Structure formats: C-alpha cells, structure tokens
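Report on the structure
Here's the letter readout for the chains.
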Amino acid sequence: MNTSASTYSPPVCLRTELRKEFVRRCKSNSAYSLRAFAKFLSVDQSLLSKVMSGQRSISESVGEKIASKLKIRPSRLLQSYEANLTYHQLIDDEVSLLADWSHFAILELAKTKNFKLDYKWMADRLSLHTKEVEDALERLVRMGFVAIENKSLILLKPNNCWTQNVSTTVARQELQRTLLKKASDAISAVEFSQREHTSLTVAVRKDRMFEFKEKLLQVRNELDAFFQPAEDEASFDDVYQLTISFFPITKDNKQENSK
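Here is a short report on the structure shown in this document.

Cut-offs applied
- Residues numbered from 1 in each chain as written.
- Predicted model: local features only at pLDDT ≥ 70, side-chain atom pairs only at ≥ 80, totals over all residues.
- Heavy atoms only, no water.
- Axes fitted to C-alpha atoms, helices over the stretch in contact; angles between N-to-C directions.
- Helix = DSSP H or I, 4+ residues; strand = E, 2+ residues; numbered from the N terminus.
- Parallel < 35°, antiparallel > 145°, perpendicular 65-115°, else oblique.
- Contact = heavy atoms within 4.5 Å.
- Nonpolar A, V, L, I, M, F, W, Y, C, P; charged D, E, K, R; others polar.
- Patch = residues over 30% accessible without salt bridge, like charges linked within 9 Å, V, L, I, M, F, W, Y side chains within 5 Å.
- Areas by Shrake-Rupley, 256 points an atom, 1.4 Å probe, with all protein chains shown as cover.
- Salt bridge = Lys/Arg side-chain N within 4 Å of Asp/Glu carboxyl O.
- Buried < 20%, exposed > 50% of the residue type's maximum accessible area, 1.4 Å probe, protein only.
- Phe/Tyr/Trp six-rings, centres within 6.5 Å; stacked < 30°, edge-to-face > 60°.
- Lys NZ or Arg CZ within 6 Å of the ring centre and 35° of its normal.
- Pairing = 2+ DSSP bridges.

Here we look at the packing of helix α2 (residues 34–41) against helix α3 (residues 45–53)
Put simply, α2 and α3 touch, their axes get as near as 9 Å, and they point 105 degrees apart. With respect to each other, α2 and α3 are oriented roughly perpendicular. On α3, the residues touching L34, R35, F37, A38 and L41 of α2 are Q45, L48, S49 and M52. For the contact of α2 with α3, a count of residues per class yields six nonpolar, two polar and one charged.

Right, dumping it as structure tokens:
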C-alpha cells in the first residue's frame, strides 16, 4: 500500500514517549510528580515507574491504553511482542539512544576535564532537564556503554557503530532533525569565533553517491582522530557537534573554570 508523505507518521516507542512527556511536564511545572503523571494515565504509580525505568514490561492492552492518553494511535507504536505480548526493552533502548542526541553528548562530556558525575551539573552544561540526564545515563549503563563505579563514570565503549534496521532508521531521522535544529539555533546564539557553519555547492554525478558517502565517512573518521589526539585526553573542556556545522552543545564553561 502506498502512503503519501503528508499522511505518513513514523512509528514511536511507548517508553520513549512516556519519558519525553513526563520531562516536558516537569519542565513546565517544577512541582509536577510521577504520582500526577500516573493519575493522568490512569495507571498504578509503581507500575509506571518500573515501566519508565525499564524494569517492567507491559501488556498490549495497557500499552494501547497509555498510548490513547498520549494521543498516539496504536498502529504507530513500534512494538515487538513475544508470545506473552510484552515489549522488548532492547529495541526500546536502542531506538531511544539513537534518536536522542543527549546520549552522545554525555559520552563526550565525560571526556572533558573537570567532568562531574552530577545530574544537575551535567544538565546545566547540556541545557537539559535533570530527569533527561538521569534517564540517558541509566540507558547507557543498561546498554553497556558506561559503568558507574566509586562515584565515577567509566567509558566502556568509546567507539561505536550502529545496526541498520527499520527502527534505527526512524531513530536516526529524529536525531538528524534535532541536530539540524540545534545547528540553526547556534547561528544566532553562538558568537562566530566559537563556531563554524560552512557549505559547498557543487555539480556531481548522482551515480557516484556511494563514493561520496565513503569519502565523507573517511573524512569524518580522520576529523575524529584529529580532534581527539591521545595527548589531549586529559585536557578536553567542551563538547562540539559536527554536521558540517561545528558548534558547541555545552554551555560556556568560563564560570566553571574560574571556580
């Protein structure tokens, strides 16, 4: 069946949408609680807490009831059921990680000097809500990217590549949209000396697209090594995003460095 671009809606993960909606409400009302969220969804608070933290799976019927409250059509839910109709945590975590830039930002922020394993400090540096940082860190731990030992964050997977399937493709699209928006915002929010937005207009042969992508990947890997030489490992002090718009996604840390 052909679906027009104007009516197509990409699938979504229910846990991801629950966390997003909860954080959105917390940002609007600092006193908003999980109890109030559970009441709105007409579900048990304990169940909701475990579902949002990945400790519990939910049935199809409960999932569809929650989706209805969030105004998500059941057909849009990105679901993978076992025989007992439970949601797979792994699929949800992978999609959530790939769709949200904060996971990559946290992994890079952990490489900077004066890094603090403190939710509020990390949230302030990345302009996030503390609950977003908490949620992202829990997911990174579950997926084996980091470990928390003796109040320190340990990077277990500094270099990664991602699987390619329908769910992660949708997640990448969401990630790219978010990063493009942040790049656009940086044009007016960040002084020119601290960013670089550049472009190239060039005539090409479309049948060489594979070669172009391979070259861009090669350049990206070269830049990664250039930006992070081993001898600088102990002196990183900011996190930048390359799209090819190069701009900071951390707040100015002059005040932090002056303490």
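A look at a nonpolar patch on the surface
On the surface, F226, F227, L242 and I244 cluster together into a nonpolar patch covering about 390 Å² of accessible area. Take F226: it is sitting in helix α10 (residues 209–227). Residue class for F226 comes out exposed when judged on its relative accessible area of 63%.

As for unusual backbone geometry
Located in the positive-phi region is S42, a residue other than glycine, with phi close to 60 degrees. Following the sequence through the fold, S42 ends up in the loop between α2 and α3. Positive phi, normally seen in glycine, also occurs at K151, with a value near 60 degrees. Within the secondary structure, K151 sits in the loop between β1 (146–149) and β2 (152–155). With relative accessibility at 78%, the residue K151 sits in the exposed group.

With respect to the pattern of salt bridges
The tally for this structure, following the rule as stated, stands at eleven salt bridges. Here K120 ties to D124 by a salt bridge, and the two come within 3.0 Å at their closest N and O atoms. With K120 and D124 both in helix α7 (residues 119–126), this residue pair falls four residues apart, about one helical turn. Several salt bridges converge on common partners, so that one network encompasses R19, D135 and R139.

Here's the deal with the packing of aromatic side chains
Taken as a whole, this structure holds eight aromatic pairs when the rule is applied. Their ring planes at 10 degrees and their centres at 6.4 Å tell us that F37 and F40 sit as a pair that is stacked. Separated by three residues within a single helix, F37 and F40 lie in helix α2, roughly one turn from each other. Owing to a relative accessible area of 0%, F37 belongs among the buried residues under this scheme. Three or more aromatic residues joined by ring pairs make a cluster, and in this case those are F22, Y32, F37 and F40. Over the ring of F40 we find R25, and its NZ or CZ is 4.0 Å from the ring centre.

As for the sheet that holds strand β5 (residues 245–248)
Taken in spatial order, the three strands line up as β3-β5-β4 in an open sheet, and their pairing is antiparallel. The open sheet has two free edges, formed respectively by β3 (196–197) and β4 (240–242), since each of these has just one partner strand. Inspection of the sheet shows β3 paired to β5 by two bridges, in the antiparallel sense. The residue bridging E196 from the neighbouring strand is F246, located in β5.

A few points about the pairing of β5
As paired strands, β4 and β5 are joined by three bridges and run antiparallel to one another. Looking across to β5, one finds that Y240 is bridged to P248.

Limitation: the analysis is restricted to geometry and does not speak to function.
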